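What follows is each chain in one-letter form.
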Amino acid sequence: MAAYDKSDLERRMAGSVEALKSDLIGLRTGRASVNMLDPVTVEVYGSHMPLNQVATVSAPEPRLLSVQVWDKSNVGPADKAIRSAGLGLNPIVDGQTLRLPIPDLTEERRKELAKLAGKYAENARIAARNVRRDGMDALKTDEKKGVFGEDERKRHETEVQKLTDATIADIDAAAAAKEKEILGK
């Protein structure tokens, strides 16, 4: 049984890019995005639930989010959860609807967010390099077991390195696009 599995490495590297993209979606850029509220959990019915399970979130305008709470008794807890989520948003209660104006980002906050995007990208690069290391270790193990010879191992190592380079290029592109969006350049 060979330890080297190219499709597993590809899946894991793609996973590091997807994880980065989902982290970057949560970063605020000054434009309203329904995904901004994904981390918000509301304490209702004796448990913590994601906001999107107790309300409909929409972005009717570029600088406004609208949260339509389904059950009138959950308006207060939803308002409290959004205020305490650390997103810098102050909901305006309008019946069963919460309106969230998106404030302008200060230059300092933009730089902090760009730095955070860079940190997320570095974590994704580290994940990709860890997958590469696992792949290289598996190739050496297979060569020792006699699954294939040195030439085939070197050919596979080149494939793993190309996959890693492509993955890191994807990570860098996603991070650069997000930083550009945050800094408004």
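See the structure printed just above.
The structure reproduced in this document is the subject of the present report. (Residues numbered from 1 in each chain as written. Predicted model: local features only at pLDDT ≥ 70, side-chain atom pairs only at ≥ 80, totals over all residues. Heavy atoms only, no water.)

Right, let's talk about the environment of A176 for a bit. Along the chain, A176 turns up in helix α4 (residues 150–183). Considering only alpha carbons, one finds A176 and L139, 37 residues apart in sequence, at a separation of 33 Å. (Helix = DSSP H or I, 4+ residues; strand = E, 2+ residues; numbered from the N terminus.)

At a minimum axis separation of 9 Å, helix α3 (residues 107–145) and α4 run at an interaxial angle of 170°. Considering their axes alone, α3 and α4 lie roughly antiparallel with respect to each other. Split into classes, the residues belonging to the contact of α3 with α4 amount to 14 nonpolar, five polar and twelve charged. (Axes fitted to C-alpha atoms, helices over the stretch in contact; angles between N-to-C directions. Parallel < 35°, antiparallel > 145°, perpendicular 65-115°, else oblique. Nonpolar A, V, L, I, M, F, W, Y, C, P; charged D, E, K, R; others polar.)

This next bit is on the packing of helix α1 (residues 6–25) against α3. What describes two packed helices is the angle between their axes and the distance between those same axes. The contact between α1 and α3 brings their axes to 9 Å, and the two run at 170°. As far as their axial angle goes, α3 and α1 are roughly antiparallel. Note on element contacts: α3 touches α1 through A117, Y120, A121, A124, A127, A128, V131, R132, D134 and G135, opposite L9, R12, M13, S16, L20, D23 and L24. Its residues assigned to classes, the contact of α1 with α3 shows eleven nonpolar, two polar and four charged. (Contact = heavy atoms within 4.5 Å.)

Counting residues in hydrophobic clusters, the biggest one holds 23 residues, and the most contacted among them are L37, L51 and V67. Taken together, the elements giving at least two residues each to this core come down to β1 (41–44), β3 (55–61), β4 (64–69), α2 (75–83) and β6 (97–101). No other element matches the four residues that α2 contributes to this core. Counting residues in hydrophobic clusters, the runner-up holds 15 residues, among them A121, A128, A174 and I182. (Core = buried A, V, L, I, M, F, W, Y, C linked by side-chain atoms within 4.5 Å. Buried < 20%, exposed > 50% of the residue type's maximum accessible area, 1.4 Å probe, protein only.)

Before going further, it helps to examine the pairing of β6. Strand direction decides the pairing type here: β4 and β6, joined by five bridges, are antiparallel. Residue pairing for β6: L65 is matched across the bridge by L100. Hairpin geometry of strand β5 (residues 92–94) and β6 is characterised by an intervening segment of two residues between the two adjacent antiparallel strands and by a positive phi of about 70° at G95. (Pairing = 2+ DSSP bridges.)

As a working rule, side chains carrying opposite charge can pair if their charged atoms are close by. Across all of its chains, the model carries 15 salt bridges by this definition. Salt-bridge contacts for D8 lead to R12; the nearest nitrogen and oxygen are separated by 3.9 Å. One end of the pair is D8 and the other is R12, both in helix α1 and four residues apart, which spans about a single turn. With a relative accessible area of 24%, D8 lands in the partly exposed category. Owing to a relative accessible area of 29%, R12 belongs among the partly exposed residues under this scheme. (Salt bridge = Lys/Arg side-chain N within 4 Å of Asp/Glu carboxyl O.)

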